[in-house]
Amino acid sequence: MTSTSTLPPPKDTFTTGYNKASLDRYAFRNVQTCCTYLLPYLSALPPNFTFLDLGCGPGSITADLASRFPDAHFTGVDPAQLFIDKAVALAAERGVSSNTSFIKGAVESLKEVLGDKWGTFDVVHCHQVLNHIKEAVAAMQTMKGAARADGGLVAAREATTTNGDVFYPLLPGIAAWQKLTGEIIGAQKSGPVSGLGPRLLEVALGAGWRREQIKAGASSWCYSEPPEKKMWVESMVGMLQNKESDWYKKAVGTGVKEEELEEMVEAWKEWEGRDESWCVFVSAEVVCRNG
Ligand SMILES: C[S@@+](CC[C@H](N)C(=O)[O-])C[C@H]1O[C@@H](n2cnc3c(N)ncnc32)[C@H](O)[C@@H]1O
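All residue numbers refer to positions counted from 1 along the written sequence of the respective chain. Per-residue local features of the predicted model are confined to residues with pLDDT of at least 70, and side-chain atom pairs are confined, for both listing and counting, to 80 or more; whole-chain, interface and lining totals are unaffected and use all residues.

Looking at an unreviewed UniProt entry, the chain carries the name S-adenosyl-L-methionine-dependent methyltransferase, with the source organism given as Mytilinidion resinicola.

Examining the nonpolar core
In this description, a nonpolar core means buried residues of the types Ala, Val, Leu, Ile, Met, Phe, Trp, Tyr and Cys, linked to one another by C-beta atoms lying within 7 Å. Put plainly, a residue is buried at 20 or more neighbouring C-beta atoms within 10 Å of its own, exposed at 12 or fewer, and partly exposed in between, counting only other residues' C-beta atoms, which are placed from the backbone. Of all hydrophobic cores here, the largest spans 56 residues; its most connected members are Val 124 and Met 143. With six residues, the single largest contributor to this core is helix H5 (residues 81–93). Dropping the residues within four chain positions of it, Met 143 is found in contact with Leu 54, Val 124, Cys 126 and Val 154. Met 236, Leu 240, Ala 251 and Trp 271 belong to the second largest nonpolar core, which has 19 residues in total. Helix and strand definitions follow DSSP, with helices as H or I runs of at least four residues and strands as E runs of at least two, each counted in order from the N terminus. Contacts are defined on C-beta atoms placed from the backbone: any two residues whose C-beta positions lie within 7 Å are in contact.

Concerning helix H4 (residues 60–68)
With seven of nine residues buried, H4 lies mostly within the body of the structure. Turning to H4, its buried residues number three or more, namely Ser 60, Ile 61, Thr 62, Ala 63, Asp 64, Leu 65 and Ala 66.

Looking at the environment of Ala 92
With respect to the helices, strands and loops of the structure, Ala 92 is situated in helix H5. Judged by local crowding, Ala 92 falls into the exposed class, with 12 C-beta atoms found within 10 Å. In this structure the C-alpha to C-alpha distance between Ala 92 and Ala 63, which are 29 residues apart in sequence, comes to 9.2 Å.

Notes on the environment of Ile 61
Position of Ile 61 relative to the elements: it lies in helix H4. Take Ile 61: there are 26 C-beta atoms within 10 Å of it, and that puts it in the buried class. Spatially, the C-alpha atoms of Ile 61 and Asn 30 are 4.4 Å apart, while their sequence positions differ by 31 residues. Non-local contacts of Ile 61, meaning those with residues more than four positions away in its chain, are made with Arg 29, Asn 30, Val 31, Cys 34, Cys 35, Asp 53 and His 127.

Observations concerning the packing of helix H8 (residues 172–185) against helix H12 (residues 258–273)
Working convention: axes come from line fits to C-alpha atoms, limited for helices to the stretch in contact. Angles between N-to-C directions cover 0 to 180 degrees. Two numbers describe how H8 lies on H12: the axes approach to 7 Å, and their chain directions differ by 120 degrees. One element, H8, and the other, H12, form an angle in the oblique class. Crossing of H8 against H12: the hand is left-handed. Contact with H8, carried on its side by Pro 172, Gly 173, Ile 174, Ala 176 and Trp 177, involves Glu 260, Glu 263, Met 264, Glu 266, Ala 267, Trp 268 and Trp 271 of H12 and no other residues of that element. The residue classification treats Ala, Val, Leu, Ile, Met, Phe, Trp, Tyr, Cys and Pro as nonpolar and Asp, Glu, Lys and Arg as charged. All others, Gly included, are polar. Counted by class, the contact of H8 with H12 contains eight nonpolar, one polar and three charged residues. If an angle is under 35 degrees, it is roughly parallel; if it is over 145, roughly antiparallel; if it lies from 65 to 115, roughly perpendicular; otherwise it is oblique. By definition, turning the near helix anticlockwise from the far helix through less than a right angle yields a left-handed crossing, and turning it clockwise yields a right-handed one.

What about the environment of Leu 180?
Along the polypeptide, Leu 180 turns up in helix H8. Leu 180 sits 74 residues away from Thr 254 along the chain, and the two C-alpha atoms are 7.9 Å apart.

Examining helix H10 (residues 226–241)
Note that an α-helix has 3.6 residues per turn; residues three or four places apart therefore point the same way. Take the residue count of a helix, subtract one, and multiply by 1.5 Å to get its expected span. End to end, H10 covers 22 Å across 16 residues, agreeing with the expected 22 Å (1.5 Å per residue, within 8%). Residues of H10 that are buried: Trp 232, Val 233, Ser 235, Met 236, Gly 238, Met 239 and Leu 240.

Brief notes about the pairing of strand E6 (residues 153–159)
Where burial is concerned, most of E6 is hidden: seven out of the seven residues are buried. Here E6 shows no split at all, with Leu 153, Ala 155, Arg 157 and Ala 159 on one side and Val 154, Ala 156 and Glu 158 on the other all buried. Paired strands, as defined in this entry, are two strands with at least two bridges between them according to DSSP. Pairing analysis gives five bridges linking strand E5 (residues 123–127) to E6, with the strands arranged parallel. Looking across to E6, one finds that His 125 is bridged to Ala 155. A clockwise path from the first strand over the helix to the second, with the strands pointing away from the viewer, defines a right-handed crossover. Handedness of the crossover is the feature at issue here: the chain leaves E5, passes through helix H7 (residues 136–146), returns alongside E6, and the resulting connection is right-handed. Here E6 runs beside strand E9 (residues 278–289); their pairing, made up of seven bridges, is antiparallel. Bridge pairing in E9 places Ala 155 opposite Val 287.

See below:
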């Protein structure tokens, strides 16, 4: 089931933009790479639990969860119609259409979008979404309200930096990409730019849970094998060369020259080809219990 909300689009804080490069990168995500921290909680619930995946993107995590928990129902919400269409198609491809629903909508309009499902979810989850939302505390309060008041869970996993923690070797073109990404995000500095991850526990406390209602932890992505590095570099090159993308337009808006963007492309390709290259991204995780 897919429905389309007529509510206004969210504020433009999704710096990655909506394009094939980001789509391909998110499609690489699944339960194993993104939310093993959730599995013990989901396994402890009655099998017919309900799960809301806020900012579900192209639905690769949602569909994987739906195939692992066939008696549960998964609702994905995302403001991008492109992602909703991909998520619906992926669910059909994976044979999980019957226990998934995808709805166009944003956290700012979640209550209206969910209608009578508001306040009923056993689990409300988001993965790498709060980093793109200016009002993270308000967003978590909204997630809290969407979950059951009596024991509903709210889970979030957010990167600790928004332009990568470790890239080795840090070739000059990659350092330039990191600086440019920092400028696009608005931090105006080189090196890793702090994301929401370090503050995730603080944000959860700000949203109203007591400390004893929250479990906090962390996990990482490491791209060291050729297919992982290929996926990452194809995504980077796609963003750096797609002149129509939001990201490219924002990059050019910082004053960076086309030749400099091409140097970054060459640096990523060289990095991919080196046997010793790898990268690491650390993410913070919280699971908060209502009631
Ligand atoms: C980095 S992607 C993560 C997608 C997916 N959760 C994953 O990990 O594969 C961020 C997602 O947040 C969505 N998003 C951006 N602003 C949002 C908002 N205000 N409310 C809900 N989702 C939003 C984007 O459309 C995008 O799909």
